[in-house]
Amino acid sequence: MASNIVACPACGKRNRVPATATGTPACGSCGARVPWIVDAGDDTFAEVAERSTTPVLVDLWAQWCGPCRAVSPALEQVATQLAGAVKLVKVDVDAAPALSRRFDVRAVPTLMVIKDGKVVARQSGAAPASTLRRWVEQSLATSAA
C-alpha cells in the first residue's frame, strides 16, 4: 500500500505517512501529531479504513466534481485539526466502482465517519471546515454513547 507525504503542522517537516499502521502518525522531527491523510480503493478500503483502530473520515469524491475539489482543503484542515483522533481516507469513486455501489453513492462528495468498522454517520455535499469538524466530532460522540 502506498504512503503519502504530509507536512507537520507544528514544524513544517515532511513526513511519510503509511496507509495502515498501529497507533497514529507523529512527526519524525518534532514528535507532533501529523494529519493522517491517505487514499484507498476497492482493493485496499477494508484494510485502510474498516480495520483502522483510529476513527476514519471517508471522502468519496470524483475528479470531475467541482464541490469535491472545493471541500478537499476543508477536509484536510479538519484532518489537521483532529490529528491523532481521525484518519482521512479519500476514495475516487470512478476508480473504485465497487465501493461506490456498496455504499450506494448517489452524489459526490459523500462523506462518512467509520468507527470500529461501522459507518456511524453519512452526509452528501460540501461544507466549510468548521461545520465538517463539528459533524465529525458529534458523530464520534454519538457513536460512543
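Relevant structure appears above.
Fair warning: this is a prediction, and the values are worked out from it, not measured in the lab. (Residues numbered from 1 in each chain as written. Predicted model: local features only at pLDDT ≥ 70, side-chain atom pairs only at ≥ 80, totals over all residues. Heavy atoms only, no water.)

Q: Hey, could you run me through the packing of aromatic side chains in this one?
A: Each aromatic ring pair is specified by the distance between its two centres and by the angle formed by the two planes. Evaluated as defined, the whole model comprises one aromatic pair. Relative to Phe103, the ring of Phe45 has its centre 5.6 Å away and its plane inclined at 65°; by these criteria the two rings are edge-to-face. Of this pair, Phe45 sits in helix α1 (residues 45–50) while Phe103 sits in the loop between α3 (97–102) and β6 (110–115), and the two are 58 residues apart along the sequence. The exposure class assigned to Phe45 is buried, which follows from its relative accessible area of 1%. Judged by relative accessible area, Phe103 falls into the buried class, the value being 9%. Sitting over the ring of Trp36, Lys87 keeps its end group 4.2 Å from the ring centre. (Phe/Tyr/Trp six-rings, centres within 6.5 Å; stacked < 30°, edge-to-face > 60°. Helix = DSSP H or I, 4+ residues; strand = E, 2+ residues; numbered from the N terminus. Buried < 20%, exposed > 50% of the residue type's maximum accessible area, 1.4 Å probe, protein only. Lys NZ or Arg CZ within 6 Å of the ring centre and 35° of its normal.)

Q: When you look at the pairing of strand β2 (residues 14–18) in this model, what are you seeing that I'm missing?
A: Regular strands place their side chains on alternate faces of the sheet. The alternating pattern of β2 places Asn15 and Val17 on a buried face, while none of Arg14, Arg16 and Pro18, on the opposite face, is buried. Counted along the chain from strand β1 (residues 3–7) to the antiparallel partner β2, the turn is six residues long, and its residue Gly12 has a positive phi close to 85°. (Pairing = 2+ DSSP bridges.)

Q: Whenever I open this one, the pairing of strand β4 (residues 56–61) confuses me. Can you help?
A: In terms of burial, β4 is a largely internal element, six of the six residues being buried. Here β4 shows a buried face lined by Val56, Val58 and Leu60 and a second buried face lined by Leu57, Asp59 and Trp61. Sheet topology places β4 next to strand β5 (residues 87–92); six bridges connect them, and they run parallel. Considered in β5, the bridge of Trp61 is made with Asp92. Here five bridges tie β4 to β6, and the two strands are oriented antiparallel to one another.

Q: Can you walk me through helix α4 (residues 129–144) in this structure?
A: Each α-helix winds once per 3.6 residues, and so residues spaced three or four apart point in a common direction. Look at α4: 23 Å from first C-alpha to last across 16 residues, which is about the 22 Å you get at 1.5 Å a residue. Taken together, the buried positions of α4 are occupied by Ala129, Leu132, Trp135, Val136, Ser139 and Leu140. Projected down its long axis, α4 carries its buried residues within an arc of 125°, all on one side. Of the surrounding secondary structure, the elements contacted by the buried residues of α4 are β4, α2 (66–81), β6 and β7 (118–124). (Expected span 1.5 Å × (residues − 1). Arc of directions from axis to C-beta. Contact = heavy atoms within 4.5 Å.)

Q: Could you clarify how one ought to interpret the side chain of Ser72 in this entry?
A: Here Ser72 lies in helix α2. Relative accessible area serves as the criterion here: at 15%, Ser72 is assigned to the buried category. A polar atom in the side chain of Ser72 sits 3.0 Å from the side chain of Lys90. (Polar contact = N/O pair within 3.5 Å; in protein donor to acceptor, adjacent residues only side chain to side chain.)

Q: What is the right way to read the nonpolar core from this model?
A: In a soluble, globular protein the nonpolar side chains are often hidden away together inside. Ranked by size, the top nonpolar core spans 29 residues in total, and within it Phe45, Val58, Leu60, Val89, Val91 and Val108 carry the most contacts. Listed by contribution, the elements that provide at least two residues to this core are β3 (36–39), α1, β4, β5 and β6. Once residues within four sequence positions are removed from consideration, Val58 is found in contact with Phe45, Val89, Val91, Thr110, Leu111, Met112 and Ile114. Listed in part, the 19 residues of the second largest apolar core include Leu82, Leu132, Trp135 and Leu140. (Core = buried A, V, L, I, M, F, W, Y, C linked by side-chain atoms within 4.5 Å.)

Q: Explain the side chain of Lys87 to me, please; I cannot follow it from the model alone.
A: Secondary-structure assignment places Lys87 in strand β5. One buried charge, Lys87, has no salt-bridge partner; the nearest side chain with opposite charge is Glu47, at 7.8 Å. A distance of 2.7 Å separates a polar atom in the side chain of Lys87 from the backbone oxygen of Val48. When sequence neighbours within four positions are dropped, the list of residues in contact with Lys87 reads Ala19, Thr20, Trp36, Val38, Val48, Ser52, Thr54, Pro55, Val56 and Leu57. (Lys, Arg positive; Asp, Glu negative; His and termini not counted. Salt bridge = Lys/Arg side-chain N within 4 Å of Asp/Glu carboxyl O.)

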